[in-house]
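Coordinate analysis (summary)
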Amino acid sequence: MLDTPIEYLKGIGPQRAEVLKKELGIFIYRDLLTYYPFRHVDRTKFTTINEIVDETQYVQIKGIVDRLEIVGLKQAKRLVVAFRDNTGIIELVFFKGHNWVAQKLQTGKEYIVFGKPTAFNRKFNLAHPDIDLVTPDLLSQQSAFQAVYNSTEKLKVRGLDSEGIRKTIRGLINQLQPQHLEETLSEEVMADHKLIDRYSAFKQIHCPENARQLKDAELRLKFDELFYIQLRLLKLNKVRSITVRGFVFNKVGPLFNDFFNNYLPFELTGAQKRVLKEIRLDVGSGRQMNRLVQGDVGSGKTMVALMSMLLAIDNGFQTCLMAPTEILAQQHAVTFKELLKPLNIEIAILTGSTKAKERKLIHAKLLSGELKILIGTHALIEDVVQFKNLGFVVIDEQHRFGVAQRAKLRAKNTMPPHMLIMTATPIPRTLAMTLYGDLDTSLIDELPPGRKPIKTLHFMENHRLRVYGFMQEQIELGRQVYVVFPLIKESEKMDYQNLQQGYDNIIKEFPPPHYQVSIVHGKLTNEQKDFEMQRFIKCETQIMVATTVIEVGVNIPNASIMIIESAERFGLSQLHQLRGRVGRGAEQSYCLLVTGYKLGTDSRLRMETMVRTNDGFEISEVDLKLRGPGDIEGTQQSGVMDLKLANLAQDGHILQLARQAAQSILDEDVNFELYKNKVYEKQLTMQQHNRPNWSKIG
Ligand code: ADP
Ligand code: MG
């Protein structure tokens, strides 16, 4: 029944079916059933105007229309309605359809309005709210929980606004019998987690009778979504660990020992030691390692990578490290060369800009097995790069690489090398479980000792003189300063003008010869960039004006001030990354966020978050809440985007339960041989058709 074409549904017919297909991708009954309401209105709940805060989502307010007024000119023309309840006044704003609204509303009459408050100039308003005149009739309907569906202009023309969709779905639900729907969870899992059956869940999500029913339905359907992602990932992990053999590194050899005993420049942190131990257990186990190392900016992931690579070389293997940008790869190469100098071991770097001659030489040395450490960008995954015996791969800042790229490195030896994946910035736990759910994870949850937490301050543009004053003070103390400007493709031309303007202002404020200023941006050649970077590194210049090219990896301990211009234009994770460029030396470091005077709610929250905390994981949680997973790098291929109901920012506890449930099923019966688990085999096979082949990648 659920596979019936949508045109056969009562009240649909060919014309409506056509728009449903085109606009919403609804072809069969089943598609309509999973066209979930985007919210429900509890028509029994009212908010008073004085209860509205920044975080308030949707509100329903009962009140009286006080006054209507057209304000603004031309495009900015709008109808503003003063709406009042016992606690205050809120403005209802209409940019379109003034006349129609004005006709409908009468001053002094009582209405119920529904909408999402937004803050403007520190006042809340509701733009284009739903409005209903209060009548005895309306109030009598108020008990029902109502599903609200997204619609489009074209659907509305055909009578399929939210209301129309609701009626259509109700019709479908009325026809639906339990036997039409296959259960996707075993009795056991449903009982363990107190989940309602699938049939009831669909019924209750579309037509809940009360809050309880709605909650049960949501829990069940969200659990389903998250459970199957986890089941797939964990099965992959489990099957791999059973079937894929890995190289055994069974000795700690001379390189590792020599380095550890004689040349380690600092004591490892407890977290670094623990993670190294986890890696050593993996590579000694006979299974192929796939391990994710998560750690905040500056937590010392590089050292963990380097020491693991030495271990691999001691056991007769070659190693490589892949970074997402040329600058970062260079930086790693410099660090490695410096640290490993006394061990007399060759380190080669391979990037897009490596000269043909050099490239050939590297290829040859890799094939002969002479070269043991290769560092580079995605130039490493090209087919021409062949190793004699690659045994250990490190991928830094993984979320910028696709899963397919991971797979290519994996395939560089007949038996797959061990893989160590390091994240650039912390990501929320829920996202990590989904993006990297097939990997074992290690956490570096401790910063090297002696770091002074970076102090972060927020300045409005009109206080720029204070910013300059502060810069001057710090430069006199011998420190160096980064000044970073945003640069995005969409507004590149303007952004370059701003950068140039900012640079000119700084030169005026900090004139030569006493002050020297570097500038680095994407339009410079690599030589020019390098020259400017070198001047800054050698402390010949005190100020570095730059775009975000310096974002990743750059490590200059004496640079202790980070000034971020137009900070409201950066995302939280980017701000955190940028801030992580300072705080690497012994001095107190500062991060100054400079923004415009008027800030939206989200921008303000971003600034407040940065000022409040240095904890990257906490910041990433806020980021996820603000942006949703869709805008976070690396999520596209992960299945996160298939989530229709579950929300990784809010449903962490459901995810946790779903993962546990999946894990315990697999622990008992990885091949779904037990009768009760047949359902999972069937579902996974069915779902496989619409997905990338997960067993091939990873
Ligand atoms: P990230 O985790 O962001 O990649 P890095 O590996 O670049 O961090 O380390 C940041 C800085 O901390 C480097 O200068 C590194 O030398 C230093 N560092 C790493 N581990 C320690 C440690 N245990 N004690 C002192 N300094 C350390
Ligand atoms: Mg790093």
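Preceding block: the structure.
Everything numeric here is computed off the predicted structure, so don't read it as measured data.

Calculation criteria
Residues numbered from 1 in each chain as written. Chains lettered and ligands numbered in written order. Predicted model: local features only at pLDDT ≥ 70, side-chain atom pairs only at ≥ 80, totals over all residues. Heavy atoms only, no water. Helix = DSSP H or I, 4+ residues; strand = E, 2+ residues; numbered from the N terminus. Rg over C-alpha atoms; globule rule 2.2 N^0.38 Å. Buried < 20%, exposed > 50% of the residue type's maximum accessible area, 1.4 Å probe, protein only. Contact = heavy atoms within 4.5 Å. Areas by Shrake-Rupley, 256 points an atom, 1.4 Å probe, with all protein chains shown as cover. Lys, Arg positive; Asp, Glu negative; His and termini not counted. Charge placed at Lys NZ, Arg CZ, Asp CG, Glu CD. Axes fitted to C-alpha atoms, helices over the stretch in contact; angles between N-to-C directions. Left-handed = near helix turned anticlockwise from the far one by under 90°. Pairing = 2+ DSSP bridges. Near = heavy atom within 4 Å. Polar contact = N/O pair within 3.5 Å; in protein donor to acceptor, adjacent residues only side chain to side chain. Parallel < 35°, antiparallel > 145°, perpendicular 65-115°, else oblique. Nonpolar A, V, L, I, M, F, W, Y, C, P; charged D, E, K, R; others polar. Salt bridge = Lys/Arg side-chain N within 4 Å of Asp/Glu carboxyl O.

1. With respect to the overall build of the chain
Tallying secondary structure elements over the chain gives 24 helices and 22 strands in all. Here the C-alpha atoms of the chain give a radius of gyration of 30 Å, agreeing with the 26 Å that 2.2 N^0.38 yields for 698 residues. Referenced to the eigenvectors of the C-alpha coordinate spread, the extents of the chain come out at roughly 85 × 75 × 40 Å. By the burial criterion, 52% of the 698 residues in the chain qualify as buried. Contacts in the chain between residues far apart in sequence, at least 24 positions, make up 72% of those at least 6 positions apart. Of the accessible surface of the chain, which amounts to about 33,400 Å², a share of 51% is contributed by carbon and sulfur atoms. If you average the places of the 91 positive and of the 81 negative side-chain charges in the chain, the two averages end up 2 Å apart.

2. Observations concerning the packing of helix α20 (residues 572-579) against helix α21 (residues 601-612)
The contact between α20 and α21 brings their axes to 10 Å, and the two run at 35°. Crossing of α20 over α21 shows right-handed handedness. Listed contacts from α21 to L572, L575, H576 and R579 of α20 are R606, M607, T609 and M610.

3. Description of the sheet that holds strand β18 (residues 480-484)
Strands sit in the order β17-β22-β21-β18-β20-β19 across an open sheet of six strands; the sheet is parallel. Whereas interior strands pair on both sides, the edge strands pair on one side only; in this sheet they are β17 (455-460) and β19 (517-520). For this sheet, the mean inter-axis angle between neighbouring strands, taken without regard to orientation, is 20°. Two strands pair when backbone bridges link them, and β18 and strand β21 (residues 559-564) are joined in this way by five bridges, in the parallel orientation. Paired with V483 across the two strands is I563, which belongs to β21. Each of β18, β19, β20 (543-546) and β21 touches helix α19 (residues 526-537); the most contacted strand, β19, lies at about 145° to it. Relative to the sheet, α21 contacts β17 and β22 (590-595), its axis offset from that of β17 by approximately 150°.

4. Thoughts on the site of ligand 1
Surveying the vicinity of ligand 1 reveals 16 residues, the closest of which are E267, Q272, G298, T302 and R451. Between ligand 1 and R451, the relevant distance is 2.6 Å, taken from an oxygen atom to a side-chain nitrogen or oxygen of the residue. Within the complex, 78% of the 560 Å² of free accessible area of ligand 1 lies under protein.

5. Observations regarding the packing of α20 against helix α22 (residues 616-627)
In the contact formed by α20 and α22, the axes pass within 9 Å of each other and the chain directions differ by 155°. Relative to α22, the element α20 lies roughly antiparallel. Residues L572, S573, H576 and R579 of α20 form the contact with α22, whose participating residues are G616, I619, V622, D623, L626 and R627. Class assignment of the residues belonging to the contact of α20 with α22 gives a composition of four nonpolar, three polar and three charged.

6. Describing the sheet that holds strand β3 (residues 78-85)
The strands making up a sheet associate through backbone hydrogen bonding, with each pair oriented either parallel or antiparallel. Taking strand neighbours across the sheet as the criterion, the seven strands line up as β6-β7-β4-β3-β2-β5-β8 in an open arrangement whose pairing is mixed. Both edges of this open sheet fall to β6 (117-120) and β8 (130-133), since each of them pairs with a single strand only. Mean inter-strand twist for the sheet, computed between neighbouring axes without regard to direction, equals 45°. Where β3 lies against strand β4 (residues 88-94), seven bridges are found, and the strand directions are antiparallel. Residue L79 lies in a different strand from β4, and its bridge partner there is F94.

7. Here we look at the side chain of S620
Relative to the helices and strands, S620 is located in helix α22. Setting aside residues no more than four positions away along its own chain, S620 makes contact with P426, I427 and P428.

8. Description of the pattern of salt bridges
Here the structure, examined in full by the defined rule, presents 31 salt bridges. One salt bridge connects K682 with E182, and the closest N-O pair in it is separated by 3.4 Å. In this pair, K682 sits in helix α24 (residues 678-688) while E182 sits in the loop between α6 (162-175) and α7 (187-192), placing the two residues 500 residues apart along the sequence. Overall, the relative accessible area of 46% leaves K682 in the partly exposed class. Put simply, D383 and K408 hold a salt bridge, and the shortest N to O gap is 3.8 Å. In this pair, D383 sits in the loop between β13 (373-376) and β14 (390-396) while K408 sits in helix α15 (residues 403-410), placing the two residues 25 residues apart along the sequence. Overall, K408 belongs to the partly exposed group, its relative accessible area being 41%. A single salt-bridge network, built from bridges that share partners, covers E183, R198, R220 and D224.

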